[in-house]
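Listed here are the chains, written in short residue letters.
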Amino acid sequence: MLTHVIRRVLAAVPMLAAISVAAFLLLHALPGDPAAYLLGQRATEENKRQFRERAGLDLPLEQQYVRWAGGISRGDFGESHRTNKPVIEELGKVIPATVELAVVAMLFATLIGVSLGMLAAIKPRSIADFTCLGFALIGVSVPIFWLGFMAQKLFAGELKLLPFGRRLGDYWEGFQSETGFHTLDAIFVYQSPELLADVLHHLLLPGLVLSTVPMALIARITRASMLEALRQDYVRTARAKGVKPMGVVMRHALRNATIPIVTAVATQFGYLLGGAVLTETIFSWPGLGRYTIEAIEALDARPLQAGVLVVATTFVLVNLLTDLSYAFIDPRLRKGEGREEVASREPWRARLWQIGVLVFVGVVLSLAADRVLGRNPARAQAIDAAAVVALGLLGAWLLFYAVKNLLGGAAVGFGRRLALILKAALAGVGALLKYVASHRPALIGLGIIIIVAAAAVLAPIVAPYGPMQAFQDLMHAPSSSAHWLGTDSQGRDLYTRLLYGARTTLLVALAATTLSMFAGSVIGAVAGYFGRWTDLVLMRGVDFMMSFPSFLLAVVTVAVLGKSLDNLIWAVGIAGAPSFARQVRAEVLRLKSQEFVEAAGALGYGHSRILLRHLVPNCLTPMIVLATLGMGGSILSVAGLAFLGLGGDPFVPEWGLILKLGWDESSKGAFQVGVAGACIMVTVLGFNLIGDGLRDWLDPRSRGK
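Residues numbered from 1 in each chain as written. Predicted model: local features only at pLDDT ≥ 70, side-chain atom pairs only at ≥ 80, totals over all residues. Heavy atoms only, no water.

### As for the overall build of the protein chain
Within the protein chain one finds 29 helices and zero strands. Each of the 705 residues in the protein chain was classed as buried or not, and the buried ones make up 46%. In the protein chain, of all internal contacts separated by at least 6 residues, the share reaching a separation of at least 24 is 74%. Working note: accessible area of the protein chain is about 34500 Å², and carbon and sulfur atoms make up 66% of it. (Helix = DSSP H or I, 4+ residues; strand = E, 2+ residues; numbered from the N terminus. Buried < 20%, exposed > 50% of the residue type's maximum accessible area, 1.4 Å probe, protein only. Contact = heavy atoms within 4.5 Å. Areas by Shrake-Rupley, 256 points an atom, 1.4 Å probe, with all protein chains shown as cover.)

Next up, the structure:
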């Protein structure tokens, strides 16, 4: 056990070091001169020069990092050029607010999610079960920024049951916190029940909104784990002995279903730190997420560095504790599983494959580093040329083996081979459509997506006006004649904007998902097949990307690359690639020890042919399922980034931007917010329904029921 703990802790050390390097490079990754951002636009060249010398920005990069890391170790994060205050002081105010909000949200998510999951598992295929499944689907489909607006509109605005926007009420104006955590102040410092009640009263609404997604996921995982546990022999034995039903559920089933539940709870707590960005923006909550967004808007580098460093470090530590607790619960998981490598029939080709992929990845990273750090024109041209050559060689290699495998070495058999491929593909599509037709939720999801896609494609035909055509009636109410859904704050027809917004949102999400699937699949397939140091290098990079909450990673990527639709695609695509890499790697590890792969190796097939012809085709089905579910996540990420003002052109209609414009109008734009959010939620729900149907289709136990 001690060896296992030491090994896991040591594995987290290089990840934390990599996070510190990434946070440090944010200052240099922002476009322009770092001194200009730190001093402001009014600074003269002489002021910038003196500041560079005083701050050490004229030193070599490695010396700057050592100096910066030394300051961080002493608690010196620098100063914000917006407020001219030490960042550490500002962090001391915003971090407790985020932690309190995340803890309250996690309590709601755990208590309600586990209870719903247990109820659904105890009574499968009942009204309670279907209610739990429906709640879980809606929970992962609803845009959290839309839900926050609607909740505060109802409970804080119309009903006036809950407060909005602050951590304490007016009665406690001038309150001085001793610990930064208002709950701890109320319990231990002031020992005031009234203060504690007011703190919890202000935490209730944002905590419930933030808990929606983890609550749905925990309910779903609890249901699946409990169903699996209730099928086991020891549960039937306990029932045969006369143990009461509640004792069977609590003492036997729940205890043995704890591992995935604990893992889900701990992991979701880490993701809450990334999701808090949107919730804190909606509720004007003075937390770390809002602090980071404000730093991005002002290009304030020091707070941005500190925010990313704190969130990513916390995320890694939470995952580390999760991993250790997972091993404590199940001793079988304390030992690593060894896997045999595929026998190498062509060692030089295997090395060429590995070297080619790693060189390509290295060149891309070098190109990015040069763009961020080097600013050397000659070196940039050389790396550009090397990147083009590496990409060309890798693409030619893949194309050569794809054509070779298709032809099978005999040109006369091309037509027959192509016919067999098309026949198999049509048979698979036919079987899938037949299952979808019998799976009502998947059929409903397919109908939703067909309607939304048709509306997006036919927008120029069915839209009554142009997307930028403005009228004199501002914020006009919905009518059946001129404007079906009314107009926005600039007099543009809302129905038309939503139709064109479907085009932008779906295209950007589709491009981002395709990028995620392609990049993640290549990395996962190569890492899983070759293993050893190839797997070590590639998957450590994936682990590094997964050390950031995915939405925060997308936010930072857009901040570095700039605001545009192209960069929005790259940001969401990069953030989604690790999940594909993990999934494909797991599938390849499972498949490469199968008999058909060993037979292909015994026949002398090269690694390229085994990968492209035998392994990758057998990974397509889970990839498609993950891509279907990933489309829903991409739509939410694209809309969320646009809502935060990190999307593309502000004049291009997009659902998240349309929602943001309505949100800016407060009560006047409530209908606009409601309609745009409903479009996002229904579309994401459609993709999730299809993804669930595909996942059930792949599970023989689900298919047989």
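### A word on the environment of G491
With respect to the secondary-structure elements, G491 resides in the loop between α20 (459-462) and α21 (494-530). Between the alpha carbons of G491 and Q469 there is a distance of 8.0 Å; along the sequence they are 22 residues apart. Setting aside residues no more than four positions away along its own chain, G491 makes contact with Q469, A470, F471, D473 and L474.

### Focus: the side chain of S192
With respect to the helices and strands, S192 occurs in the loop between α8 (182-189) and α9 (193-210). A polar atom in the side chain of S192 sits 3.3 Å from the side chain of E194. Those residues in contact with S192 that sit more than four places away from it in its chain are W172 and A186. (Polar contact = N/O pair within 3.5 Å; in protein donor to acceptor, adjacent residues only side chain to side chain.)

### Considering the pattern of salt bridges
Enumeration according to the criterion identifies twelve salt bridges in this entry. The residue R220 makes a salt bridge to D692 at a minimum N-O spacing of 2.3 Å. Remark: D692 occurs in helix α28 (residues 670-698) and R220 occurs in helix α10 (residues 212-230); sequence separation between them is 472 residues. By relative accessible area, which is 25% here, R220 ends up partly exposed. Residue R236 is joined to D233 by a salt bridge in which the shortest nitrogen-to-oxygen separation is 2.2 Å. Of this pair, R236 and D233 both sit in helix α11 (residues 233-240), three residues apart, roughly one helical turn. Relative accessible area serves as the criterion here: at 52%, D233 is assigned to the exposed category. (Salt bridge = Lys/Arg side-chain N within 4 Å of Asp/Glu carboxyl O.)

### As for unusual backbone geometry
Trans is the common state for peptide bonds, and a negative phi is the common state for residues other than glycine. A positive phi angle, near 60°, is found at N84, a position not held by glycine. You can see N84 is positioned in the loop between α4 (61-73) and α5 (87-122). You will see that S284, though not glycine, has its phi angle at about 50°, which is positive. Note on placement: S284 falls in the loop between α13 (258-282) and α14 (288-297).

### Overview of the packing of helix α19 (residues 440-457) against α21
Closest axis-to-axis distance for the α19/α21 pair is 7 Å, and the angle between their directions is 105°. Judged on the interaxial angle alone, α21 and α19 are roughly perpendicular. When α19 is examined against α21, the residues V452, A453, A455, A456 and V457 are found in contact with a partner set consisting of L499, A502, R503 and L506. (Axes fitted to C-alpha atoms, helices over the stretch in contact; angles between N-to-C directions. Parallel < 35°, antiparallel > 145°, perpendicular 65-115°, else oblique.)

### Some words on the environment of A23
The topology assignment puts A23 in helix α1 (residues 2-29). Here A23 falls in the buried class, since its relative accessible area comes to 0%. Sequence-wise, A23 and L304 are 281 residues apart; in three dimensions their C-alpha atoms are separated by 8.2 Å. Leave out the neighbours within four places in its chain, and A23 touches W68, Q305 and L309.

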